[in-house]
Amino acid sequence: MSNHDDWLQLSEQAMSRAYVPYSKFQVGAVIETESGAVFSGCNVENASYPEGTCAEAGAISAMVMGGEHRIRQIYVMGKGVELVTPCGGCRQRIREFADEHTQIHICSPEGVRKTLSMNELLPFSFGPDNLK
Ligand SMILES: O=c1ccn([C@H]2C[C@H](O)[C@@H](CO)O2)c(=O)[nH]1
Ligand SMILES: [Zn+2]
């Protein structure tokens, strides 16, 4: 899959699966790994509010469960006037599996609003290399 449209369609599908009875704010995330495999996630809220999980976290779990660890690109889609950028925690989660080529596409159902590198999204980040 090369053009944005196919990815946007997948992102919208992921977003439509969101379990969001509390915020009503659907988010979808779709990862393409270096090998070309595709993994999706949606946000899953909980009656105990802090236990809710983000869409990016779901997609990353699916990726790791699929035996993959390198994100080539990730599409994150939400609705609204403001850009839906990954929260602080998810920036760090993506960072774990990103490199200097990873692209983070910030999307609405209308299209890709912004494409960022990992360093733009989380400058001066702490990562696996720091533990070497
Ligand atoms: O990048 C983001 C930002 C927010 N949310 C979710 C968390 C919560 O369920 C809802 C409102 O914050 O949106 C995500 O999944 N990803
Ligand atoms: Zn998050």
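Residues numbered from 1 in each chain as written. Chains lettered and ligands numbered in written order. Predicted model: local features only at pLDDT ≥ 70, side-chain atom pairs only at ≥ 80, totals over all residues. Heavy atoms only, no water.

Per an unreviewed UniProt entry, the protein chain goes by Cytidine deaminase and derives from Rhodanobacter aciditrophus. Regarding the protein chain, the UniProt comment filed under Function (unreviewed entry) reads as follows: "This enzyme scavenges exogenous and endogenous cytidine and 2'-deoxycytidine for UMP synthesis." Of the protein chain, the UniProt comment under Sequence similarities (unreviewed entry) reads exactly: "Belongs to the cytidine and deoxycytidylate deaminase family." (UniProt positions renumbered as here; feature names shortened; annotations may be inferred.)

> I'd like to hear about the site of ligand 1, residue by residue, with values.
Around ligand 1 lies a shell formed by Ser23, Phe25, Val27, Asn43, Glu45, Cys54, Ala55, Glu56, Thr85, Pro86 and Cys87. Glu56 is positioned such that a nitrogen or oxygen atom in its side chain is 2.7 Å from an oxygen atom of ligand 1. If ligand 1 stood free it would expose 370 Å²; the protein chains cover 75% of that surface. Assessed atom by atom at 2 Å from the grid points, ligand 1 resides in the largest pocket. (Near = heavy atom within 4 Å. Polar contact = N/O pair within 3.5 Å; in protein donor to acceptor, adjacent residues only side chain to side chain. Areas by Shrake-Rupley, 256 points an atom, 1.4 Å probe, with all protein chains shown as cover. 1 Å grid on protein atoms, 1.4 Å probe; cavity = no way out; pocket = protein on both sides within 12 Å on 5 of 7 lines; lining within 4 Å. Sits in = over half its atoms within 2 Å of the grid points.)

> How would you summarise the pattern of salt bridges if you had to cite specific residues and measurements?
Scanning all chains against the criterion turns up four salt bridges. For Glu34, the salt bridge identified is with Arg72, shortest N-O distance 3.6 Å. Here Glu34, found in the loop between β1 (27-33) and β2 (38-42), pairs with Arg72, found in strand β3 (residues 71-78); they are 38 residues apart in sequence, far enough to count as distant. With relative accessibility at 28%, the residue Glu34 sits in the partly exposed group. On the basis of relative accessible area, Arg72 is assigned to the partly exposed category, the value being 32%. For the salt bridge of Arg70 with Asp99, the shortest nitrogen-to-oxygen distance reads 3.9 Å. With Arg70 in the loop between α2 (55-65) and β3 and Asp99 in the loop between α3 (88-95) and β4 (103-108), the pair connects residues that are 29 residues apart, well separated along the chain. One salt-bridge network, in which partners are shared between bridges, spans Glu32, Glu34 and Arg72. (Salt bridge = Lys/Arg side-chain N within 4 Å of Asp/Glu carboxyl O. Helix = DSSP H or I, 4+ residues; strand = E, 2+ residues; numbered from the N terminus. Buried < 20%, exposed > 50% of the residue type's maximum accessible area, 1.4 Å probe, protein only.)

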